[in-house]
Every structure is written in C-alpha cells, then in structure tokens.
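Working through the structure, step by step
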Amino acid sequence: MKFYRPIAALTMFTKLPLWRWFRNIPVEAYRHAVTWWPFVGLIVCGFSAAVYFLLTMVLPPLPAAIITIVIELLISGAYHEDGLADFFDGFGGGSTRDQILAIMKDSHIGTYGVIALMMYFMTEIGTVSALPPKVGAILFLCAGPWSRFCAGLVTSFLPYARANTGAKNSATYVKPSVADRIFSGLCGILPSVIVLILIPSLWESFIYALGLSAAVAINLMFYLSKNIKGVKGDCGGAVCLI
C-alpha cells in the first residue's frame, strides 16, 4: 500500500500520465497525498529549476521565466492556481461562511480571482527574472517544496470545511503521523539545506524567507479557521502559492 502513496500524490497534484502504468491505485493511497505533497514539489520544481537555468543560457531572464512557468503549469495542471482564484473569489465576494463556501464551489472565475492570478504571475515572473539566473533557478528549486510543506501543514491541522448544501466531494485526508510530518518536512526543506551547504553566504536570506513564509501560512490557517471553520482543497492551493 505504501508504494502507491507517492504515485497517488503525483497523480493528484500533476498531469503526469502515471495512470498508463498504474491503473489500480488504491483509494486509501490518495488519503496520504498531503504527506507526499512536498515530494511532488521536489520533482516538479526541480525540473522547473533545470529548465529555467538552461533557458537563460540562450534567452533573457524574462522570457525564460515565462516559458518555465508555462511548462510548470502544463505539468502541474494549474491546480494550485485554480485554488488561488477560487480562494480570492470566495473570500472577496462572500461575507458569511456559507456564501464563501458556495462561491468557492462555483467553477466560474470572478473578478477577485482574475486579479489574484494576474498579481501572482506578475510577482513571480518579475521576481525570478530580476534575479541572477542561478539565483532564479534556486528560487524555483527551493520555494516549491517548502511552500507545499507549509500548505500541507495547514491542510492537515484543520478539518474539512463543508457547506450546508454539501461539498464537491467527500474526500478526506488521513491525519499525518509524527513520522509523516518529519518526512514531509525533510522533503520540503531538503533543497534549501543543500543550497546552503553549497552557498553558505545565502543563509540569512534563506532563514528570513523560510521563516516568513511559514508565518504567513500559520496566519492563513487561523484566518481559515475563523472564517470557514476548516479548509478546502482550494485553500491548500492558495496557501501554497501565497
């Protein structure tokens, strides 16, 4: 059963056609997907980092960043970006818990979602392309797994929020064990540790970035707990990107 957990996570969080080779993944394996979320980030964002670094050898940073992000979206299926749009539509347009959940359940995108996606992509592309190519590649490599670990903690600590009218699905995640959290954390921070061993001069920037992003995730967890008394899949994607 444990063999299928990383396969289930890759199937859930990417568009990789693993179903061609693994057609009978047990449903139970998907319940552990959050634990393996940073592992998925290692694979997807590690590939993105390599693509970006190679592209900067033949292209300026700006188009290289845009092409890399497009490739990453094709691999990931833009699931996190969809969650970000739904998150901002829900909390921007709803004033009560039921309204927020109902708007997030709606598959249509609204003004708040469009603005959020525009701001997110402009910030990501602008930040990566403004940095030296090597540092931009490091940003892809390290930010992806760590952000998924932070979002996974939020998802695992909060209950699933259900609207009174019912949710999109009844899927629930298994509460990670201590060993699962340690493994998830190692996957999330491993690229950063490797980079700091190779480039010790970056430690101050890394401590600031890792700590600040974790603090933002914790604040979002309390915000979700207060306003919708739980978390939805869209919220996990939004926390990851924010």
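This write-up is about the structure you can find in this document.

**Topic: unusual backbone geometry**
Of note, the phi angle at A78 is positive, near 55 degrees, even though the residue is not glycine. Residue placement: A78 occurs in the loop between α4 (61-76) and α5 (79-93). Notably, K229 is not glycine yet its phi reads approximately 55 degrees, a positive angle. In this structure, K229 sits in the loop between α10 (203-228) and α11 (233-241). Under the relative-accessibility criterion, K229 is labelled exposed at 54%.

**Considering the packing of aromatic side chains**
Throughout the structure, instances matching the rule amount to nine aromatic pairs. Residues F87 and F91 carry aromatic rings whose centres are separated by 4.7 Å and whose planes lie at 40 degrees to one another, so their mutual orientation is tilted. Here the residue F87 and the residue F91 both occupy positions in helix α5, the gap between them amounting to four residues, near one helical turn. The two residues F87 and F91 agree in class, both being buried. Ring geometry for W146 and F149: centres 5.3 Å apart, planes at 40 degrees, overall tilted. Note that W146 and F149 are positioned in helix α8 (residues 133-157) at a spacing of three residues, about one turn of the helix. Both residues of the pair, W146 and F149, belong to the buried class. Cluster of aromatic residues (ring-pair linked, three or more members): F87, F88, F91 and Y223. Directly above the aromatic system of F157 lies the positively charged group of R181, at a separation of 4.4 Å from the ring centroid.

**Observations concerning helix α9 (residues 178-198)**
For α9, which comprises 21 residues, the first-to-last C-alpha distance of 29 Å matches the rise-based estimate of 30 Å (1.5 Å per residue) to within 8%. Where α9 bends most, the angle comes to about 45 degrees, and this point is I189, followed within four residues by the proline P191. Taken residue by residue, α9 has D180, R181, S184, G185, C187, G188, P191, S192 and V195 as its buried positions. As for α9, its buried residues are in contact with α3 (37-55), α8 and α10.

**Quick look at the environment of T155**
Within the secondary structure, T155 sits in helix α8. By relative accessible area, T155 is classed as buried at 12%. Once the C-alpha coordinates of T155 and I218 are considered, the two residues, 63 residues apart in sequence, prove to be 11 Å apart.

**Re the packing of α5 against helix α7 (residues 111-130)**
Contact pair α5 / α7: the axes reach a minimum separation of 7 Å and the direction vectors enclose 130 degrees. As far as their axial angle goes, α7 and α5 are oblique. With respect to the hand of their crossing, α5 and α7 are arranged in right-handed fashion. On the side of α5, the interface is formed by E81, L84, A85, F88, D89, G92 and G93, while α7 contributes T111, Y112, G113, A116, L117, Y120 and F121. Tallied by class, residues from the contact of α5 with α7 come to eight nonpolar, four polar and two charged.

What counts, and at which threshold
Residues numbered from 1 in each chain as written. Predicted model: local features only at pLDDT ≥ 70, side-chain atom pairs only at ≥ 80, totals over all residues. Heavy atoms only, no water. Helix = DSSP H or I, 4+ residues; strand = E, 2+ residues; numbered from the N terminus. Buried < 20%, exposed > 50% of the residue type's maximum accessible area, 1.4 Å probe, protein only. Phe/Tyr/Trp six-rings, centres within 6.5 Å; stacked < 30°, edge-to-face > 60°. Lys NZ or Arg CZ within 6 Å of the ring centre and 35° of its normal. Expected span 1.5 Å × (residues − 1). Bend = angle between axes of the 7 residues up to and from the residue. Contact = heavy atoms within 4.5 Å. Axes fitted to C-alpha atoms, helices over the stretch in contact; angles between N-to-C directions. Parallel < 35°, antiparallel > 145°, perpendicular 65-115°, else oblique. Left-handed = near helix turned anticlockwise from the far one by under 90°. Nonpolar A, V, L, I, M, F, W, Y, C, P; charged D, E, K, R; others polar.

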